[in-house]
Amino acid sequence: MASVFLRSRLSHCSVSRRVHGYTVPVKINLELKLGYFCGSHTDKRQFSSSTYCSMFDFMDLTRPHTWYPNARKKRRKVILHVGPTNSGKTYQALKQLESSSSGVYCGPLRLLAWEVAKRLNKANVPCDLITGQEVEEVEGAKHKAVTVEMADVNRDYDCAIIDEIQMIGCRTRGFSFTRALLGISADEVHLCGDPAAVPLVQEILKSTDDDVMVQSYERLSPLVPSKVPVGSFADVSTGDCVVAFSRREIYKLKKKIQNQGKHLCSVVYGSLPPETRTRQALMFNDASSDFDVLVASDAIGMGLNLNISRIIFSTMEKFDGEEVRDLTVSEIKQIAGRAGRYGSKFPVGEVTCLHESDLPLLHSALKSQSPVLERAGLFPTYDLLSMFSRSHPTIGLLETLVHFYKHAKLSSNYFMTDCEQMLKVAAVIDVLPLGLKEKYVFCISAYKSLTSTAVQLTWMTRFLLRASHSLLKIMHKVV
Ligand SMILES: Nc1ncnc2c1ncn2[C@@H]1O[C@H](COP(=O)(O)OP(=O)(O)OP(=O)(O)O)[C@@H](O)[C@H]1O
């Protein structure tokens, strides 16, 4: 239904006919005001050549480093902490954050941001928690733990961490990591993640004039791939985490395991409400609780420190929004790496599958390197959309996004983010009496939870109207 709605909206817009192939002359005042896109108030050493450009090509996204004048004022020290899972990369970066006078942690999951905020506050470093769903401010805090979409590129920090930097290559969320990488204004920026991201990050940062260094790590505790599958739910034991890729499957597995009468299961998956997800993870981690088995989606794959003894893949395939495909090497390693975390009560991690036929893929993935990332996600900033919109006042957000998607020019280090879900949100909210900024905010923050039924679209329309004030309060500072 949503796609029908979207199709009709798109044909109604006829964006490509009306706004095809712009190279728009800009007036002097606009040029001055928006100088940083042409480089005028950024780093004069490097970005001054086109200061007096008289033509502004909105579709030219080939120099995204110039979108962040605040960060370009600094020569940042960027440290890439790379290595396998459970090798202490984040631990080392967090030590720097903890000892800095101001800082920000940017993570891919709300649960990770929550863990970091808790850790810093416990260490008497007041730390705010800011995610798409909540703002928890702590008096006197100069530190923030945020989900990467909420990273504030207008503030200055001593220290910043961008965790799971390999997500810069993610089809749908990569642009938020690119924005944080290029835009965070911190003296020291710590990037933690897979070595596969190193060449791309180094290439991208050539344009920023930052100092970049690479620090490599080894796994701190062994991870043993099992030669035999689990085979029967009767063989599931305390500390096991069974991984599945849909909510339906997760609850089916939970039921089958609990039917054996030996274990109670916690569940963790991405769309669980944050409080419930946190409670379920805590319950599993708590040795005194009866919930000694976890059934989870790949939401546990990133950075979470859970007391898992053995990872059991119930399948090696997942539906990625477009098709059912095999898990990638990187996904398999990330998820498997949750077993036997250093410092947990299981000093050795084990990993296996439910079905024997899945074992070869598991074994070969664990022996392979993740393929090197070639391109990072990119998406136009609000400022850029807003400039475009001012030059084309009759065009709505949906048409603007479609136009950028079709006509933007990118350098070879970048790809345009897959914005199909954002377009669906834009199609709905374009008819609402909201400003461009509000609409943009909703598009980049609400698309993750959108599904494609008419009921949910109707619900979302109502929700947007109700939530606009609170969400805007959160987003106001970061866009
Ligand atoms: N030097 C250390 N002393 C004590 N504990 C450590 C040390 N280094 C790491 N740890 C602990 O080991 C676990 C794994 O560390 P960390 O989360 O930093 O690994 P990582 O390499 O970032 O893993 P992933 O890529 O899976 O997120 C954490 O519980 C962390 O607190």
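Residues numbered from 1 in each chain as written. Predicted model: local features only at pLDDT ≥ 70, side-chain atom pairs only at ≥ 80, totals over all residues. Heavy atoms only, no water.

Chemist: Explain the pairing of strand E15 (residues 310–313) to me, please; I cannot follow it from the model alone.
Modeler: Every regular strand shows the same layout, with side chains that alternate between the two sheet faces. Side chains Arg-310 and Ile-312 of E15 all project onto a buried face; the interleaved residues Ile-311 and Phe-313 project onto the opposite face, where all are buried too. With four bridges joining them, strand E12 (residues 240–243) and E15 adopt parallel strand pairing. Its bridge partner being in E15, Val-242 is matched across the sheet by Ile-312. One ladder, built from four bridges, connects E15 with strand E18 (residues 349–353); its direction is parallel. Among the inter-strand pairings, Ile-311 is bridged to a residue of E18, identified as Val-351. (Buried < 20%, exposed > 50% of the residue type's maximum accessible area, 1.4 Å probe, protein only. Helix = DSSP H or I, 4+ residues; strand = E, 2+ residues; numbered from the N terminus. Pairing = 2+ DSSP bridges.)

Chemist: What is the right way to read the sheet that holds strand E10 (residues 211–216) from this model?
Modeler: The strands that make up a sheet pair up through hydrogen bonds in the backbone, lying either parallel or antiparallel. Strand order in this open sheet of eight strands is E6-E5-E7-E4-E8-E9-E3-E10, and the pairing throughout is mixed. Lying at the two open borders of the sheet, with one neighbouring strand each, are strand E6 (135–136) and E10. When strand E4 (residues 103–107) meets strand E7 (residues 143–147), the two strands line up parallel, connected through five bridges. Within the sheet, the bridge partner assigned to Tyr-105 lies in E7 and is Ala-145. Packing against the sheet, helix H7 (residues 89–99) makes contact with strand E3 (77–82), E4, E7, strand E8 (156–162) and strand E9 (185–193), and its axis sits at approximately 165° to E9. (Contact = heavy atoms within 4.5 Å. Axes fitted to C-alpha atoms, helices over the stretch in contact; angles between N-to-C directions.)

Chemist: Explanation requested: the environment of Lys-122 in the structure shown.
Modeler: Take Lys-122: it is sitting in helix H8 (residues 110–122). Placed 51 residues apart in sequence, Lys-122 and Ala-71 show a C-alpha to C-alpha distance of 30 Å.

Chemist: When you look at the packing of H7 against H8 in this model, what are you seeing that I'm missing?
Modeler: Helix packing for two helices is described by the angle between their axes and how far apart those axes are. The interhelical angle for the contact between H7 and H8, taken along N-to-C directions, is 50°, at an axis separation of 11 Å. Taken together, the axis directions place H7 and H8 in an arrangement best described as oblique. Relative to H8, H7 is oriented so that their crossing is right-handed. Residue-level inspection shows Tyr-91, Leu-94, Lys-95, Leu-97 and Glu-98 of H7 in contact with H8, the latter providing Val-116, Arg-119 and Leu-120. (Parallel < 35°, antiparallel > 145°, perpendicular 65-115°, else oblique. Left-handed = near helix turned anticlockwise from the far one by under 90°.)

Chemist: Please clarify how the nonpolar core should be interpreted in this entry.
Modeler: Soluble globular proteins: nonpolar side chains tend toward being buried together. If you look at the biggest cluster of nonpolar residues, it comprises 112 residues, and the most contacted ones within it are Ile-300, Ile-311 and Phe-313. In contact with Phe-313, not counting residues within four places along its chain, are Val-243, Leu-327, Ile-332, Ile-335, Ala-336, Val-351, Thr-352, Cys-353, Leu-354 and Leu-362. The next biggest cluster of nonpolar side chains, apart from the first, holds 16 residues, and it includes Val-230, Phe-233, Leu-253 and Cys-265. (Core = buried A, V, L, I, M, F, W, Y, C linked by side-chain atoms within 4.5 Å.)

Chemist: When you look at the domain arrangement of the protein chain in this model, what are you seeing that I'm missing?
Modeler: The parts lose accessible area when they come together, and the size of an interface is often stated as this lost area. Taken domain by domain, the protein chain holds domain 1 (60–216), domain 2 (223–367) and domain 3 (380–463). If you average the C-alpha positions of domain 2 and of domain 3, the two centres end up 35 Å apart. (Domains from an automatic or database assignment.)

Chemist: Can you help me understand the packing of aromatic side chains in this one?
Modeler: Geometrically, a pair of aromatic rings is defined through the distance of the ring centres and the angle of the planes. All chains considered together, the criterion is met by six aromatic pairs. Plain terms: the ring middles of Phe-58 and Phe-388 are 5.6 Å apart, the flat faces sit at 90° to each other, and that makes the pair edge-to-face. Remark: Phe-388 occurs in helix H15 (residues 382–391) and Phe-58 occurs in the loop between strand E2 (55–56) and helix H6 (69–72); sequence separation between them is 330 residues. For Phe-388, a relative accessible area of 0% translates into the label buried. (Phe/Tyr/Trp six-rings, centres within 6.5 Å; stacked < 30°, edge-to-face > 60°.)

Chemist: Please explain the site of the ligand as it appears in this structure.
Modeler: Surrounding the ligand, one finds 15 residues, the nearest of these being Lys-89, Thr-90, Tyr-91, Arg-338 and Arg-341. For the ligand, an oxygen atom lies 3.0 Å from a polar atom in the backbone of Asn-86. Taken by itself the ligand offers 630 Å² of open surface, and the protein chains cover 80% of this. Each of domain 1 (60–216) and domain 2 (223–367) contributes no fewer than three residues to the shell around the ligand. (Near = heavy atom within 4 Å. Polar contact = N/O pair within 3.5 Å; in protein donor to acceptor, adjacent residues only side chain to side chain. Areas by Shrake-Rupley, 256 points an atom, 1.4 Å probe, with all protein chains shown as cover.)

Chemist: Even after reading the chapter, I still don't get the sheet that holds E18, so can you show me in this structure?
Modeler: Taking strand neighbours across the sheet as the criterion, the six strands line up as E11-E18-E15-E12-E14-E13 in an open arrangement whose pairing is parallel. Edge strands, defined here as strands with exactly one partner in the open sheet, are strand E11 (223–225) and strand E13 (264–268). Adjacent strand axes in the sheet meet at a mean angle of 25°, parallel and antiparallel pairs treated alike. Contacts between helix H14 (residues 359–367) and the sheet are confined to E11, E15 and E18, with E18 contributing the most and set at about 140° to the helix.

Chemist: Where do I start with the state of the cysteines in this structure?
Modeler: Chemically, a disulfide is nothing more than a covalent bond linking the sulfur atoms of two cysteines. Scanning all chains against the criterion turns up zero disulfides. Unpaired in terms of disulfides, Cys-106 finds its nearest cysteine sulfur in Cys-159, a separation of 10 Å. Residue Cys-353 stays outside any disulfide, its sulfur separated by 13 Å from that of Cys-241, the closest cysteine. For Cys-353, a relative accessible area of 0% corresponds to the buried category. (Disulfide = S-S within 2.5 Å.)

Chemist: I'm lost on the side chain of Gln-334 in this one. Help?
Modeler: Structurally, the position occupied by Gln-334 is in helix H13 (residues 329–336). The contact partners of Gln-334, leaving out residues within four places of it in the chain, are Thr-85, Glu-164, Gln-166, Gly-301 and Met-302.

Chemist: Hey, could you run me through H8 in this one?
Modeler: At 3.6 residues per turn, the α-helix brings residues three or four places apart onto the same side. Along its 13 residues, H8 runs 18 Å from first to last C-alpha, staying within 8% of the 18 Å computed at 1.5 Å per residue. Residues of H8 that are buried: Arg-110, Leu-111, Leu-112, Ala-113, Val-116, Ala-117 and Leu-120. Elements in contact with the buried residues of H8: H7, E4, strand E5 (127–130), E7 and helix H12 (274–285). (Expected span 1.5 Å × (residues − 1).)

Chemist: Would you mind going over the pattern of salt bridges with me for this structure?
Modeler: When charged atoms on two side chains of opposite charge get close, those side chains can pair. For the coordinates displayed, the defined rule picks out 19 salt bridges. Taking the shortest distance from any N to any O, the salt bridge between Asp-210 and Arg-76 comes out at 2.8 Å. With a gap of 134 residues between them, Asp-210 in the loop between helix H10 (198–205) and E10 and Arg-76 in the loop between H6 and E3 connect regions that are remote in the sequence. Overlapping salt bridges bring together Asp-298, Lys-318, Asp-320, Arg-325 and Glu-331 as one network. (Salt bridge = Lys/Arg side-chain N within 4 Å of Asp/Glu carboxyl O.)

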